[in-house]
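# Structural description and commentary
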Amino acid sequence: MKLVYETSTKDHKGLQLPKCDLNYELDDKYKRKEKLNLPELSEVEVVRHYTALSKETYSVDDGIYPLGSCTMKYNPKLNEEVASFEGFSQVHPLQDVSTVQGCLQALDLAKKYVCTITGMDNASFQPAAGAHGEFTCMMMIKKYHEERNDTKRKKIIIPDSAHGTNPASATMCGFETVTIKSENGIVSMEELNKVLSDEIAGIMLTNPNTLGLYEKEILNITKAVHDCGGLAYYDGANLNAVMGISRPGEMGFDCLHLNLHKTFSTPHGGGGPGSGAICCNKKLEKYLPNPIIKNEEGIYTFENIDSSIGKVKDFYGNFTVVLKALTYMLRLGNNGIRETSENAVLNANYIMNGIKDLYDVAIDEVCMHEFVLDLSRFKKETGFSALDVSKRLIDYGIHPPTMYFPLIVKEALMIEPTETESKETLDMVIDIFRKIHEEAYSKSVDLTKAPLNTKYGRMDEVTSARNPRLKYGD
Amino acid sequence: MSYTVNSKKEILEMLEACGVDDISKLFEHLPSGTKYEGLLNLDEGKSEMEVYNFMKDMSKNNVVYPTIFRGAGAYKHYIPSAVKNLSSLSNFVTSYTPYQPEISQGLLQALFEYQSMICDITGMDVSNASVYDGATAACEAMNMCLDRKRKKVLVSSSVNPSTLSVMKTYAYAYDIEIIEVDLKEGLVDKEDLKDKLKEDIACFYVENPNYYGLLEDIIDLGNIVHENGSKYIIGCNPISLGLITSPSEANADIAVGEGQSLGIPLSFGGPYFGFMACKRELMRKLPGRIVGQTTDTKGQRGFVLTLQAREQHIRREKASSSICSNQSLCALTGAMYLAYVGPVGLNEVAKRCFDLAHYAFNQIIKIDGFTPKYEGEFFHEFVIKTPIHVDIINQYLDNNNILGGLGISDNEMLFCVTEANSIEEIDLLVKLLKEVAL
């Protein structure tokens, strides 16, 4: 497709401002001299360009998007409409608090919902994304130990199955990370006990973990970390498996982040905006980012508290993303919340059971909302990799699962169908996986060449990284 | 109610395929003590109509001002219908980060074009595909400049206080020190800057226009900073770049800013997007997603997420930033806005903001008791000293459906005027200010 710059024609223009005769002179000293090279397009050209680009972008509205750990569920249209209500979208963040009671009411009600779902005492919606929420929680843990003059605690325990953002968020806060090996896909108490000491600030854990397994020893893990003086942080990326069924609070966690753009159905927007809401218990609430919302007899106010770690973002977070999540939670209610997780787990188990006679499952147990295939044997026997299978899925109109993650499984394909896919779709996915298996073993299709039926073939990523061309004209 | 699909009959068939007869059996293996018995203490689910009405009523508990003279980090600009419409195209809205380039070329190309446009307006070499907002962009930029010997950061006291406060939080995490540079007449005091530039200063961050709307001497400041071997970061308002000196003209090493002005609604503070662009030599330190041009197996031009060796999922604990999700859709909206206005339009919008703001300024200071706080040239915001308490003024304006300037002290008001304001609105503002001060 032509770049927007290549559709540019001199003197084409979309914008027309109202007439105005004012003309104040800006001193030459402050004037831009460098030419602006932006493209020149008429309105219809802009519309056609972006419409064409959108057609070359696969989305949840097109079909199943079983990216493990990403929870690509359907994004209800009501959410979008609520976020665009003038009473929310046209409100300036620095209006007097008496004129934004509706916004604060929304944040407060959303807080009640996420705290009830997680079993926590307090929450903040300031972090803009999951990694930002992790980072914020790590800062709160840092401050907690500091205020207790427990300055030796510089280490954070992270299992080898963790998301890459976990170790990075911890080191951003000056922590040293200690990786512990999993055993049969879950945290080994023996490995954990080896690293516990008075230098441990805490642990970062996902439950169910990235293999889609519920940590059997979860209560012992959080207890052991607490007993050594550390805190337990829950990565909420996989909450979709356990809503209304099992709460991080009861699992023994002190703080957590939620991805509203995963579990709570807000759209990913091609990479964002998300919202990395954080929740915590009484131990940590005095460190939450400022400002805090207070509700006194139905009158909402903002308050800054001295013990807070401070602000982590301008204003109050990705507000309309929170609105979308709230709309979703109100729709579901306590019954729908539970039903959501039950069906998410059922859908994952259904696909797993439909293909596990052909493909090896990394750990063959009842899975939660996702499971991981290990294609090592498949690769040995056919010569085709997890990447090849993924690319072949594209030919059949399915977005591939998460590839090569978690890192502890070599040829990993991580499949998370979510609860919003029908049995018909899941049956189709099962059929396609089986068909690809047949193609691979019969060698009837060279999967290394897949995708074969798409407009674009595989991209040369190596050259791109070696000789980066990062803008028009490079 | 949930957004699940399957009928009871289908669910039973699926359970059977999984070898269980009830959905609760799939959770039987959860250890005792971790299960929540019964239903959560929340209302039961509601119909779409009920939730729509409930949220609509809630939205009515907010005041929407038809006329706004407040900025201070969030700006009301006119958003063209085409931009609004395109930014809600469902394929952009409901796609994930483009991990599979073969079926995400549209999104990847749009982000590549976004990066190109950010480089155009800032004059810089390389842009990423956005970060959370303007404040966190400044934090990430500061982080790019740190090294073993240089662990202190200078920040002008004229930057947006919200940005400064976020930078201080990040500095707490990074265990580094932020030192504020004093002001003279609302602008960076160059002598104080020179005094504070020591060997261990990693960088200097300044905003232009600054929080008070004033234009800093960014070219001279750059020379001073570079003489010390420190890096120079400029936070800029993207609309203003249609008119005023660009970061590259001031020899900035990194340009950052809040992109909200480019077609994003106010939305009580978010989501917006932060943009970040830098000189080529800093490219591998730039955090976040970056899209690069390449070719596919058929020899066609294509785009991929590139330079991933910088990122958290590869470098893990060695990554300098944990950012993963960004603000892609907002960044795309910004690109759509820039494509819509083009080079001439961006200049026109900037010049209109400048003209209307200067008209407002000149009218307001004619009123008895209203005087300018600073002498310096400004873009579209300015500080006025008021003869009466700012709260009284704003209450009076509020009675007339106008959101007045932001009170930054009892008797100082930071006004903002954009192209979305009309001369008639400004004349009404001036009339009301006269009345209230009588």
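This is a predicted model, so every value here is computed, not measured. (Residues numbered from 1 in each chain as written. Chains lettered and ligands numbered in written order. Predicted model: local features only at pLDDT ≥ 70, side-chain atom pairs only at ≥ 80, totals over all residues.)

Axis separation between helix α1 (residues 43-55) of chain A and helix α5 (residues 105-122) of chain B bottoms out at 6 Å; the angle between their running directions is 135 degrees. Accordingly, the angle class assigned to the pair α1 of chain A and α5 of chain B is oblique. Two secondary-structure elements touch here, α1 of chain A through Leu53, Ser54 and Lys55 of chain A and α5 of chain B through Gly106, Gln109 and Ala110 of chain B. The class makeup of the residues in the contact of α1 of chain A with α5 of chain B is two nonpolar, three polar and one charged. (Axes fitted to C-alpha atoms, helices over the stretch in contact; angles between N-to-C directions. Helix = DSSP H or I, 4+ residues; strand = E, 2+ residues; numbered from the N terminus. Parallel < 35°, antiparallel > 145°, perpendicular 65-115°, else oblique. Contact = placed C-beta atoms within 7 Å. Nonpolar A, V, L, I, M, F, W, Y, C, P; charged D, E, K, R; others polar.)

Glancing now at the domain arrangement of chain B. All names here are of chain B. For chain B, the assigned domains are domain 1 (67-78 + 345-437) and domain 2 (81-337). The C-alpha centroid of domain 2 is placed 28 Å from the C-alpha centroid of domain 1. Each partner contributes to the interface: domain 1 provides 24 residues, whereas domain 2 provides 20 residues. At the level of elements, α11 (328-364) and β14 (381-385) are the ones that each hand at least two residues to the side of domain 1 that touches domain 2. (Domains from an automatic or database assignment.)

This next bit is on helix α13 (residues 423-437) of chain B. Residues and elements named next belong to chain B. The first and last C-alpha atoms of α13 sit 21 Å apart over 15 residues, in line with the 21 Å expected at 1.5 Å per residue. Here α13 has its buried residues at Ile426, Leu429, Leu433 and Val436. Projection of α13 onto a plane perpendicular to its axis shows the buried side chains occupying an angular sector of 90 degrees, all on one side. The outward face of α13, more than 90 degrees from its buried face, is lined by the exposed residues Glu424 and Glu435. (Expected span 1.5 Å × (residues − 1). Buried ≥ 20, exposed ≤ 12 C-beta atoms within 10 Å, placed from the backbone. Arc of directions from axis to C-beta.)

This part takes up the environment of Ser7 of chain B. With respect to the helices, strands and loops of the structure, Ser7 of chain B is situated in the segment before α1 (8-17). Since 10 C-beta atoms lie within 10 Å of it, Ser7 of chain B is described here as exposed.

Turning to the pairing of strand β11 (residues 299-303) of chain A, a few remarks are in order. Residues and elements named next belong to chain A. Pairing analysis gives five bridges linking strand β10 (residues 292-296) to β11, with the strands arranged antiparallel. Note on β11: the bridge partner recorded for Ile292 is Glu303. If you look at the hairpin formed by β10 and β11, you'll find two residues sitting between the two strands, and Glu297 has a positive phi there, around 50 degrees. (Pairing = 2+ DSSP bridges.)

Now for the domain arrangement of chain A. Annotation of chain A at the domain level lists domain 1 (4-55) and domain 2 (78-331). Between domain 1 of chain A and domain 2 of chain A, the C-alpha centre-to-centre distance is 42 Å.

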